[in-house]
Amino acid sequence: MNVPGDRTSYGGAASPDERNLAMFAHLSAFAWLIFPPGGNVIAPLIVWLTQREKSAFVADQSLEALNFNLTVFLAEIACGFLFFVGIGVLLWIVLGIVWLVGTIL
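Keep in mind that this is a model prediction, so the values were computed, not measured.

**A closer look at the side chain of Gln-51**
Along the chain, the position of Gln-51 falls in helix 2 (residues 39-51). Relative accessible area serves as the criterion here: at 14%, Gln-51 is assigned to the buried category. If we ignore the near neighbours within four places in the chain, the residues touching Gln-51 are Leu-21 and Val-58.

Written as structure tokens, this is what we have:
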């Protein structure tokens, strides 16, 4: 993915600042703890919107974080609907564990 104005080509070595921003994009999903409805989606989106023109590496990693957290957010909505069937609580617990492990990894 080539982004206009990027300092590194995708797949090349990223600077320590770019690696820190990429890590922040992934860990920003913990904003959900402060802003529960959708904070895990909004925070990586903000990182992507502010850094997409500057670095292809950070843009790629923030999109990865955004995609993962958007998928988890949609799965949470599905668990909410399945709550009335009775299996939603169990799936929500499993989803929470998968989200925590996936975000940390």
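And the narrative resumes.
**Digging into the packing of aromatic side chains**
Within the structure shown, the criterion is met by 2 aromatic pairs. For the ring pair Phe-30 and Trp-99, a centre distance of 5.3 Å and an interplane angle of 70° mean the geometry is edge-to-face. With Phe-30 in the loop between helix 1 (16-27) and helix 2 and Trp-99 in helix 4 (residues 88-104), this pair connects stretches of sequence that are 69 residues apart. Residue Trp-99 is classed as buried on the basis of its relative accessible area, which comes to 8%. Relative to Phe-84, the ring of Phe-83 has its centre 5.8 Å away and its plane inclined at 75°; by these criteria the two rings are edge-to-face. Its relative accessible area of 71% is what places Phe-84 among the exposed residues. In this structure, Arg-52 is placed above the aromatic ring of Trp-48, and the distance from its NZ or CZ to the ring centre is 4.9 Å.

**A word on the environment of Val-47**
Within the secondary structure, Val-47 sits in helix 2. Val-47 sits in the buried class, given a relative accessible area of 6%. Through-space distance from the C-alpha of Val-47 to that of Leu-66 is 9.4 Å; in sequence the pair is 19 residues apart. Setting aside anything within four residues of it in sequence, one finds Val-47 in contact with Leu-21, Phe-24, Ala-25, Ser-28, Val-58 and Ser-62.

The rules behind the values
Residues numbered from 1 in each chain as written. Predicted model: local features only at pLDDT ≥ 70, side-chain atom pairs only at ≥ 80, totals over all residues. Heavy atoms only, no water. Helix = DSSP H or I, 4+ residues; strand = E, 2+ residues; numbered from the N terminus. Buried < 20%, exposed > 50% of the residue type's maximum accessible area, 1.4 Å probe, protein only. Contact = heavy atoms within 4.5 Å. Phe/Tyr/Trp six-rings, centres within 6.5 Å; stacked < 30°, edge-to-face > 60°. Lys NZ or Arg CZ within 6 Å of the ring centre and 35° of its normal.

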